[in-house]
Each structure stands twice: as C-alpha cells, then as structure tokens.
Amino acid sequence: MLMTRINLFQWLKKHATKKQMLTLFVLLIATIGAFHAFRFGYASLDYYSVRNTLEEWQAKGTNQTEQRYKSARSSIASAEYFHPTHPLYADLSGQVAEWGVVTGFEAPAHLQIAKEDYLRATRMRPAWPVTWASLAMIKWRLNEFDEQMLEYLQHAHQLGPQKHEVHILFSQLGLTLYQANHPFYRKIRDKTQTRVLSGLRNPNSRDTVLATIERTDTMRTACMWAQVKETFVYNNVLDCQ
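Draft legend 1. Region of interest: the nonpolar core. In this structure, Leu153, Ile188, Val196, Leu200, Ile213, Val233 and Leu238 are the most contacted members of the largest nonpolar core, which totals 39 residues. Discounting chain neighbours no more than four positions away, the residues touching valine 233 are Leu197, Leu200, Arg201, Ala226, Leu238 and Asp239. Counting residues in each nonpolar core, the second largest holds 9 residues, with Tyr69, Ile76, Tyr89 and Trp99 among its members.

Next up, the structure:
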C-alpha cells in the first residue's frame, strides 16, 4: 500500500502540471475537511439528542424507560466514536452511566464507569467545575467520604464560585450531612453555608435549595446563617420570622 502511494506520487510529480497538482491538493484538503465535518456534525447530533433526554430525565426524576436509556447510551457512544477528544461528550457519557444506576437499569458498580468518564473529561478540561461536582456526587452515591471526595469538592468550589450546579451540590450534600450529624460535614461546613446562601440568591438554584432545606428540615439553621450574612435572603427568600 505504501509503495503504491509512493509510485502514485512519483507519477503525478512526473506527469502532472503544477496546475493539476494544485487542483488535486485542493480536492484532497476539501475531502479531508468534508470528512471531519461529517464526523463532528454527526457527533453533535448525537450529543444534543442525549442532552435533551437527560434534561427530560432531570425534570421528571426517574420516570424514564429502559429503552430511552439504552438509546441514550448508544447515542453518546456514537458521539465519542466520531469525536473521541471532546470533553463534553466524555462528561455526558458519565451522566448517562450515572443515570443508568439511579434509574435502576444498571448495577451500582456501574458508577465506577461514570467516575472514569468524568475523570476523562477533567483530563481534557480540568477547569470545568461541574464535572468536579459530578465526581463528588459519584463519591456520595458510593458512600465514600474520603480525601478524594474532599479534593473533588475543593476543585468544584474554587473553579465555580458562581455556578448554580455547585451551589446545589454543596447544599444537598452539606445539609444532608448536617442533619445526620455526619463527621464529614465539619470538613465542608463553611463551604456549605456559603453555597446555601449563594444558591438561595441565584434564581437558577433557588427552588432546588429551598426544596433541600425543606427535605432536611433545616429552615431554622438556614435562617440563622442568612441573618448573619444575607439580609436579602433572610427577608425575601426564606421569609424568616
């Protein structure tokens, strides 16, 4: 095969004019460009299909079918096949794997696959805080409250000071651990207080944080934090009395 290509190149060099060589070169570049455009375009279609499915899942909780899950899993695998170096696709692959466990379509051990997908995404895009938050959530689901989890939380906190997804994670995790008097809470106490108040200020996370406060029966605690640091939240969001 290599000799054939070399012979073809030598024949062209000998017999083709400069104009013909230039035309062939342009055609070759155009063909390569069209091929990559097709690959990336097809991957993008798969990505948006899976993202829409996941957004629907998040809106409806676990009310999804196994067929939808398998379709999403197949689509994200296709997207990664056509564009294996895209960090968003690696992240979304982790979300699909995590979804499979939460909905009961996969065994809990499948969370390790989600973790590996998220770690791949961080290697390609280390500054994205939501992926680090997702890794911390995986550790929570695995009931692994260790230094690695603390590392993931620290990255999420430092890299995403205004990210509503990070507000939600710290609020859900921190308030749950606070209610349970879990020893790990002491390691994230200050960050939890900051994120609860930030999450209540942010309209994109407010409803979820309020629902977490109600679920964990921590309204009095949240009011105490807000009274000291956030007058607006104290008076207008929590309506503390």
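After that view of the structure, there is still more to cover.
Draft legend 2. Geometry of the pattern of salt bridges. Throughout the structure, instances matching the rule amount to 9 salt bridges. Connected through shared salt-bridge partners, Lys139, Glu144 and Asp146 make up one network.

Draft legend 3. Layout of the packing of helix α4 (residues 87-102) against helix α5 (residues 111-124). Running from N to C, α4 and α5 cross one another at 165 degrees; their axes reach a closest spacing of 8 Å. Taken together, the axis directions place α4 and α5 in an arrangement best described as roughly antiparallel. Crossing handedness for the pair α4 and α5: left-handed. For the pair α4 and α5, the contacting residues are Pro87, Ala90, Asp91, Ser93, Gly94, Gln95, Ala97, Glu98 and Val101 in the first and Leu111, Ile113, Ala114, Asp117, Tyr118, Arg120, Ala121 and Met124 in the second. Here the residues of the contact of α4 with α5 are counted per class, giving 10 nonpolar, 3 polar and 4 charged.

Draft legend 4. The arrangement of the environment of valine 130 in detail. Relative to the helices and strands, valine 130 is located in helix α6 (residues 129-141). Counting along the chain gives 30 residues from valine 130 to glycine 160, while the straight-line C-alpha distance between them is 7.6 Å. For valine 130, the contacting residues outside a window of four places in its chain are Lys163 and Glu165.

Draft legend 5. The arrangement of helix α3 (residues 66-82) in detail. Under the 1.5 Å per step criterion, the end-to-end length of α3 is 25 Å for 17 residues, consistent within 8% with the ideal 24 Å. Three or more residues of α3 are buried, namely Tyr69, Ala72, Ser75, Ile76, Ser78, Ala79, Glu80 and Phe82.

Conventions used here
- Residues numbered from 1 in each chain as written.
- Predicted model: local features only at pLDDT ≥ 70, side-chain atom pairs only at ≥ 80, totals over all residues.
- Heavy atoms only, no water.
- Core = buried A, V, L, I, M, F, W, Y, C linked by side-chain atoms within 4.5 Å.
- Buried < 20%, exposed > 50% of the residue type's maximum accessible area, 1.4 Å probe, protein only.
- Contact = heavy atoms within 4.5 Å.
- Salt bridge = Lys/Arg side-chain N within 4 Å of Asp/Glu carboxyl O.
- Axes fitted to C-alpha atoms, helices over the stretch in contact; angles between N-to-C directions.
- Helix = DSSP H or I, 4+ residues; strand = E, 2+ residues; numbered from the N terminus.
- Parallel < 35°, antiparallel > 145°, perpendicular 65-115°, else oblique.
- Left-handed = near helix turned anticlockwise from the far one by under 90°.
- Nonpolar A, V, L, I, M, F, W, Y, C, P; charged D, E, K, R; others polar.
- Expected span 1.5 Å × (residues − 1).

The values reported here are purely geometric and, on their own, carry no functional implication.
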